[in-house]
Each structure stands twice: as structure tokens, then as C-alpha cells.
Amino acid sequence: MKVLVIGSGAREHALCRALSLDPDVTALHCAPGNAGIAEVAELHAVDALDGAAVADLAASLEVGLVVVGPEAPLVAGVADAVRARGIPAFGPSAEAARLEGSKAFAKDVMAAAGVPTARAYVCTTPAEIDEALDAFGPPYVVKDDGLAAGKGVVVTEDVEAARAHALACGRVVIEEFLDGPEVSLFAITDGETVVPLQPAQDFKRAHDGDEGPNTGGMGAYSPLPWADPKLVDEVVATVCQPTVDELRRRGTPFSGLLYAGLAITSRGVRVIEFNARFGDPETQVVLARLKTPLAAVLLAAATGRLDAEPPLRWSDGAAVTVVVASHNYPGTPRTGDPVTGLAEVAEQDGPEAYVLHAGTKRDGASGAVVSAGGRVLSVTATGSDLATARERAYRAVGRIGLEGSHHRSDIAAKAAAEAGS
């Protein structure tokens, strides 16, 4: 089949890499893509938020599946526009994507479905904000109700910082702080059947030791040696399936990728948030461990036939990804800096380690790969265990040159140490 992937980040590069290795994929396209994706897919210029333009492109390429990567096109209804042209699309409708597009909507769905989550207030006035902050106390958790590219959440002990963020958001969700480690679990669904992927853990803070501001994610690893073996089954039964069932009951079935951000608290599993698409950087490690060819699974979800698919097959090993970010990220990043060392990684570290591009492009004059965003690269590696995958990832990171860049040095360090002890 011919496949078109929409998006331009490391998540889309991970999806394109997995699809390029699938023998059933005869042609792979990506729009708009990036410098790394260009090595495995044919790139096309398109406004990813323009559903009609994406549908026109899919029709002209005669693709059999469109995979919408980022959240903003899903919330804008791009998957709806593609399906309206009779082309299967992997990704929820705009209505169902509100599960990510509105934190308040997600809380309403969870309440109706009996899904365990943090107690929360939806606030629109300064008085409501003050009342909610007083009710919960520190640490304060303040979430922009809408999309914010992974940076709309503030967790702080400082009530003034919490209030300032809340006032800047307009409509805001203020909720109780959830203790315990966080887990990301993806589930592929056609609106009825739910197929979980392997869990992962990501690292949101910019600096080592979980210090610094929140980011879109600075690294991830999978599997989670410390997690209860029954965790995935529990989350499907108490979180994913009830949520999918509730959305179908409302007449807005959710097909695509349901991402549950979870806290494993002293009182049990609680949902922190839902996303309506593959998460970045967890996708990089989850797909690195998936042995089942990807295209047929995504097509089955897009066409309501997921129950007929065989169980997913997984590598017994581990995967680690480390994000290399540009100068000043997550603030306004510096762009246009040359990226070096990519060929060296491919020659000396592959296939166990490889580089997935996020914010990159080809310089028109020199042809060199240069930075074009905040998170520039996801350096990903596999191994028989976390320690081996981690060592390979950081060895490859050491070959990368990007002036002013920064990365965390402690991705998966604690989990690898605990697994080896």
C-alpha cells in the first residue's frame, strides 16, 4: 500500500522509519517532513492544518492510508477531511480529538466513564482561580485548557507563579497534584477494540534531576522494569476501554491513537492527561521495540477491523532515546546552526543506534542539515537491556555536533541501575 504521513517532527520520523521497514508499504510519502524523513520518504509541501489541501494531496498520490501525526491537525479536522474523500485516515475526528484539545472536555468524559483522575476545577475568572488554588494548596498544577505543544502545564510550589500562568491561559484547569512515577501508555483503537502498546516513561523537565522548565520531552525509555506486570491490562480495563466506550456512546467514536499519561499514585493509577496521537519522544522508543509490521495495524484501526489483527509482537530488549535540543530551548530557540556527526552515527553505531530528526532542514545554499526548531534530534538506540541501550544512545549523542545545544545525561539512568541491581 501507499502511505502518507502528515507532520514534521521526530515522532513522524519514527513512524516513517517503521513504515519504511514494512514490506507491505510500496510507497511512502510525508508532508511536510524534515531533512531526516527525506531519507526514507518522498516529501511534499503542504499546510498540515489545511484539511482540504491534505486530502487533495492524498488523492493525487493515490495513497491507501493517511497517518496524521501531530495534535493540531487532528483538532483542526484534517482526518475528517481525508475520510470525506474516501481515503482511510489513522487519527480521530476533530470532535473526538477534543479529548486532547480541551482538558475540560477530557475531565467530563472521564467523569462519565468512571475513569480515575485528579480532582479538578475548570476556571475562567480570577476569583475561580484563587478559590481553586486555595482548595488544593501546593504543589499547584495549572493546565491551559487548550493545545500548548506540551508546554501548557505548570507544576510549582509558588502560588504567584501558578496564579500568573492561570491568568495567562484564559480558560484553565487547576487540579490536585498526583504523587508517584509517571507512565505513558499508547493504545491503538478503531473506536471499539483497544490494542495497547508497550508502556514508556518520558522526561519532561529540561535538565538533569528533573530540574528546569517543562518541555515537550527530553528523552524516554521502554520497557519499565519497575512497573507491575499487570499494569497494561489494568489501564486498558479501567482507563482506555471505558474512555473509548464513552466516546462511542456520545456518538463521537475515537479511532486512532489514544495516549494515556498516567501517575502511579499511592492510591492507584490516575490519568494525568489524554492525548489524541502518538507522543513524542515515547513513540521513538515504543516503535523501536515493535516487531509487528506497522501499516496493517494502522489500516485496521482506520477501517474498523482491529479485532481481526493478530496480537502485536515485541522485542524482549530495551530502547532509549535522548533529545538534543537547540540553544535556549524551551524558550525561543536559536535556529540555523549546522548539525554534524550524522554520517558518523550511521556508519559507526547503526543499526542499533540511529538519529531521528525533529527540528531540522536542509540549508538551501550549502545543502547541510541545520537546526530549525527547539527539539532538533532524537538519538535512539536499542539493546538487550536498558543499560546497553542507554550506553549506545549516549555514545551516538557524543558524535553529534550542534553549537549551543543541550541534552539530559540522566535519561533512563535510574531505571537501568535498578534493573541491573
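Before going into details, it helps to say that this report is about the structure given with it. Everything numeric in this text was worked out from a predicted model, so none of it was measured.

### As for the overall build of the chain
Phase 1 of the analysis: From N to C terminus, the chain includes 14 helices and 22 strands.
Phase 2 of the analysis: The C-alpha atoms of the chain give 20 Å as radius of gyration, which agrees with the globular expectation for 421 residues (22 Å, within 12%).
Phase 3 of the analysis: Overall, the C-alpha framework of the chain stretches about 55 × 45 × 45 Å when taken along its three principal axes.
Phase 4 of the analysis: Counting all 421 residues of the chain, 56% fall into the buried class.
Phase 5 of the analysis: For the chain, the computed accessible surface area is about 16,400 Å², with 50% contributed by carbon and sulfur atoms.

### Digging into the sheet that holds strand β5 (residues 89-90)
Phase 1 of the analysis: An order of β3-β2-β1-β4-β5 is seen for the 5 strands of this open sheet, with the pairing classed as parallel. Edge positions in the sheet fall to β3 (42-43) and β5, since each of these pairs with one other strand and no more.
Phase 2 of the analysis: Relative to strand β4 (residues 65-68), strand β1 (residues 2-7) runs parallel, the two sharing 4 bridges. Within β4, the position partnered with L4 by the bridge is V66.
Phase 3 of the analysis: Sheet strands touched by helix α1 (residues 10-20): β1, β2 (27-32) and β4. Its angle to β1, the strand with the most contacts, is close to 170°.
Phase 4 of the analysis: Each of β1, β2 and β4 touches helix α2 (residues 51-61); the most contacted strand, β1, lies at about 160° to it.

### A few points about the pairing of strand β16 (residues 256-265)
Remark: a regular strand shows side chains that alternate across the two faces of the sheet.
Phase 1 of the analysis: Counting buried positions along β16 yields 9 of 10 residues, so the element is predominantly enclosed.
Phase 2 of the analysis: One ladder, built from 8 bridges, connects strand β10 (residues 182-189) with β16; its direction is antiparallel. Paired with V183 across the strands is L262, a residue of β16.
Phase 3 of the analysis: Relative to strand β17 (residues 268-275), β16 runs antiparallel, the two sharing 7 bridges. In the sheet register, I264 faces β17, and the bridge partner there is V269.
Phase 4 of the analysis: Between β16 and β17, which follow one another and run antiparallel, lie 2 residues.

### Description of the packing of aromatic side chains
Phase 1 of the analysis: One pass over the structure, following the stated rule, counts 5 aromatic pairs.
Phase 2 of the analysis: Seen in terms of ring centroids, F203 and Y221 are 6.1 Å apart; in terms of plane orientation they differ by 45°. Their pairing is tilted. Placement of the pair is F203 in the loop between β12 (201-202) and β13 (205-207) and Y221 in strand β15 (residues 219-222), with a sequence separation of 18 residues. Y221 matches F203 in its accessibility class, with the two residues each being buried.
Phase 3 of the analysis: The lysine or arginine in question, R17, covers the ring of Y354, its NZ or CZ lying 3.6 Å from the ring centre.

### Quick word on the nonpolar core
Phase 1 of the analysis: Residues L4, V66, L99, Y221, V235, F274 and V320 are the most contacted members of the largest nonpolar core, which totals 77 residues.
Phase 2 of the analysis: With 8 residues, the top contributor of residues to this core is helix α9 (residues 231-249).
Phase 3 of the analysis: In terms of nonpolar packing, the next biggest core, distinct from the first, is built from 45 residues, C16, A41, V67 and I188 among them.

### As for the pattern of salt bridges
Phase 1 of the analysis: This model, assessed by the stated rule, comprises 24 salt bridges.
Phase 2 of the analysis: Across the pair K107 and E175 runs a salt bridge whose closest N-O atoms are separated by 3.0 Å. Of this pair, K107 sits in helix α6 (residues 103-113) while E175 sits in strand β9 (residues 172-175), and the two are 68 residues apart along the sequence. Accessibility classification places K107 together with E175 in one group, the buried group.
Phase 3 of the analysis: Note that E176 and R267 form a salt bridge whose closest N and O atoms lie 3.7 Å from each other. Of this pair, E176 sits in the loop between β9 and β10 while R267 is found in the loop between β16 and β17, placing the two residues 91 residues apart along the sequence.

### Thoughts on the sheet that holds strand β7 (residues 140-144)
Phase 1 of the analysis: Strands sit in the order β6-β9-β7-β8 across an open sheet of 4 strands; the sheet is antiparallel. Whereas interior strands pair on both sides, the edge strands pair on one side only; in this sheet they are β6 (120-123) and β8 (153-156). Pairwise comparison of adjacent strand axes, ignoring direction, gives a mean angle of 20° for this sheet.
Phase 2 of the analysis: Pairing geometry for β7 and β9, over 4 bridges, is antiparallel. Within β9, the position partnered with V141 by the bridge is E175.
Phase 3 of the analysis: Against the sheet, α6 touches β6, β7 and β9, its axis set at about 50° to β9.
Phase 4 of the analysis: In the packing of helix α8 (residues 159-169) onto the sheet, contacts are made with β7, β8 and β9, and the angle to β7 comes to roughly 15°.

### A few points about helix α7 (residues 126-136)
Phase 1 of the analysis: Along α7, the positions that sit buried rather than exposed are I129, A132, L133 and F136. Projection of α7 onto a plane perpendicular to its axis shows the buried side chains occupying an angular sector of 100°, all on one side. Set apart from the buried face of α7 by more than 90 degrees, the exposed residues are A127, E131 and D134.
Phase 2 of the analysis: Contacts from the buried residues of α7 go to β6, β7, α8 and β9.
Phase 3 of the analysis: A positive backbone phi angle near 75° is found at G137, which sits one or two residues after α7.

### Section: the state of the cysteines
Here is the idea: a disulfide is a covalent bond, and it sits between the sulfur atoms of two cysteines.
Phase 1 of the analysis: By the definition in use, this model includes 0 disulfides.
Phase 2 of the analysis: Summary of cysteine pairing: C169 is not part of a disulfide, and the nearest cysteine sulfur, belonging to C123, is at 11 Å.

### Points about the packing of α6 against α9
Phase 1 of the analysis: In contact at an axis separation of 9 Å, α6 and α9 are set at 100° when each is read in the N-to-C sense. By the angle between their axes, α6 is roughly perpendicular relative to α9. In this structure, α6 contributes F105, V109, A112 and A113 to the contact, and α9 contributes P242, T243, E246 and L247.
Phase 2 of the analysis: Residue composition of the contact of α6 with α9, by class: 6 nonpolar, 1 polar and 1 charged.

Conventions we followed
- Residues numbered from 1 in each chain as written.
- Predicted model: local features only at pLDDT ≥ 70, side-chain atom pairs only at ≥ 80, totals over all residues.
- Heavy atoms only, no water.
- Helix = DSSP H or I, 4+ residues; strand = E, 2+ residues; numbered from the N terminus.
- Rg over C-alpha atoms; globule rule 2.2 N^0.38 Å.
- Buried < 20%, exposed > 50% of the residue type's maximum accessible area, 1.4 Å probe, protein only.
- Areas by Shrake-Rupley, 256 points an atom, 1.4 Å probe, with all protein chains shown as cover.
- Pairing = 2+ DSSP bridges.
- Contact = heavy atoms within 4.5 Å.
- Axes fitted to C-alpha atoms, helices over the stretch in contact; angles between N-to-C directions.
- Phe/Tyr/Trp six-rings, centres within 6.5 Å; stacked < 30°, edge-to-face > 60°.
- Lys NZ or Arg CZ within 6 Å of the ring centre and 35° of its normal.
- Core = buried A, V, L, I, M, F, W, Y, C linked by side-chain atoms within 4.5 Å.
- Salt bridge = Lys/Arg side-chain N within 4 Å of Asp/Glu carboxyl O.
- Arc of directions from axis to C-beta.
- Disulfide = S-S within 2.5 Å.
- Parallel < 35°, antiparallel > 145°, perpendicular 65-115°, else oblique.
- Nonpolar A, V, L, I, M, F, W, Y, C, P; charged D, E, K, R; others polar.

Structural measurements only, silent on function.
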